[in-house]
Every structure is written in structure tokens, then in C-alpha cells.
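# Working through the structure, step by step
For reference, the chains in residue letters:
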Amino acid sequence: MRQTVRFYLGDDLCTLRDISPTLTLLDWLRDRGRTGTKEGCNEGDCGACTVLVVRLEDGRLNWRAVNACIQFVSMLDGAQVYTIEDLGTADAPHPVQTAMVEQHGSQCGFCTPGFVMSMAAYRKSEGASADEQAIDDALAGNLCRCTGYAPIVRAMKQAMA
Ligand code: FES
Ligand code: FES
């Protein structure tokens, strides 16, 4: 059955009518040119496609890092979605992006947008700290083949300072 879904992409209200219930957020974003959200495994294992999904829950905004490859657009009604394109610019980077640059947290860069979105979600989470184990747990869903993770963890610590 096809349906209508309304949600925000960044600050833009999107009303999608007659969409397939199996359309993934990753395919929809990339079809719209939001190619900063990467396709890696396409099955929820690598984190390359991570975006931020914000919902009002119990009177509070809840920020979640979500794998767009396993998020159906049809489930986003009432949510706000942020991709890496919404986060910062070259002139005004997000604190997480600044920290990733200063700590050399990116090499080939394929995993970087996903890490940055998970890091941004962690900064917004209740009780977030610079504790290394907590950071490891928060970033466990993101894989990197290049950096060995230590520079990324340092970047997360810097962004929490
Ligand atoms: Fe790997 Fe989505 S592409 S988790
Ligand atoms: Fe290459 Fe992470 S920087 S996969």
C-alpha cells in the first residue's frame, strides 16, 4: 500500500505522496543529490550512510544516528532529518568537523560523513561525555578501513571539550 509522508529534510518540509513502503532513505537522499550520505554495505553494518533523525518524544527532542540504508522513508512521518550537507560549511564547520580535521580523523574520507553524523548525534545525547568507553560505544556502528580509529576517538574527545 502506498502512502503520504511529511517530514523535514534540514529546514525544508517534504511532502511525499504515493511512495513505496520499501523506499529507503538512502536511495531517496542520493536520488535528490544528497550524495554526502554514502552507500557502503547497504544492510546496516558499516555506518557510511548515517544521518541524524530528530523526533519530539515525551516533550524533548531526541537526536538519533540512523542508518539511512535500513530506514524506510515511509516511517519518517513527523521527523526531521539532517544529512552531512546540513551540518556545516567549509567556512563554518560543525565542531565535530573541525575536530576531525585537526585530529586527522579522515584519510580516504568514505566513512567520514557517517562518523561525523554519529559524532554529532553523540554530542546531542543526554549524559554524553568524553569518556573513551562511552565514545567507543557511541561510534561502534561506524567502520573505518584507514585510520585505526584512534584519531577519530581523539576528535570526538576534542569536540566534547
Ligand atoms: Fe552500510 Fe548503511 S550503507 S550501514
Ligand atoms: Fe577511509 Fe575511514 S577514512 S574508510
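Per-chain numbering applies: the sequence of each chain, read as written, is numbered from 1 onward. Written order decides the labels, with chains lettered from A and ligands numbered from 1. Residues qualify for local features only when their pLDDT is at least 70, as the model is predicted, and side-chain atom pairs are given and counted only at 80 or more; totals for whole chains, interfaces and linings, by contrast, use all residues.

### A closer look at the pairing of strand β2 (residues 12-19)
- Burial analysis of β2 places just zero of its eight residues in the buried class, which makes it a mostly uncovered element.
- Pairing analysis gives six bridges linking strand β1 (residues 3-9) to β2, with the strands arranged antiparallel. Counterpart to V5 in the pairing with β2 is L16. Here a residue counts as buried when 20 or more other C-beta atoms sit within 10 Å of its C-beta, as exposed when there are 12 or fewer, and as partly exposed otherwise, the C-beta atoms being derived from the backbone. Elements are defined by DSSP. Helices are runs of H or I of four residues or more, strands are runs of E of two residues or more, and each kind is numbered from the N terminus. Being paired, for any two strands, means DSSP has found at least two bridges between them.

### Description of helix α4 (residues 112-124)
- By this rule, a helix spans an expected 1.5 Å times one less than how many residues it contains. Compared with the 18 Å implied by 1.5 Å per residue over 13 residues, the 18 Å span of α4 between its first and last C-alpha is a close match.
- Most of α4 sits inside the fold, with 11 of its 13 residues counted as buried.
- What α4 keeps buried is the set T112, P113, G114, F115, V116, M117, S118, M119, A120, A121 and Y122.
- Here, residues touch in the contact sense if the C-beta positions derived from the backbone fall within 7 Å of one another. Buried residues along α4 sit in contact with β3 (50-57), β4 (60-67), α2 (84-87), α3 (95-102), α5 (132-138) and α6 (150-160).

### Some remarks on the pairing of β4
- By the bridge criterion, eight bridges tie β3 to β4 in an arrangement that is antiparallel. Counterpart to E57 in the pairing with β4 is R60.
- Turn length for the β3-β4 hairpin, with the two strands adjacent in sequence and antiparallel, is two residues, and the turn residue D58 shows positive phi of about 50°.

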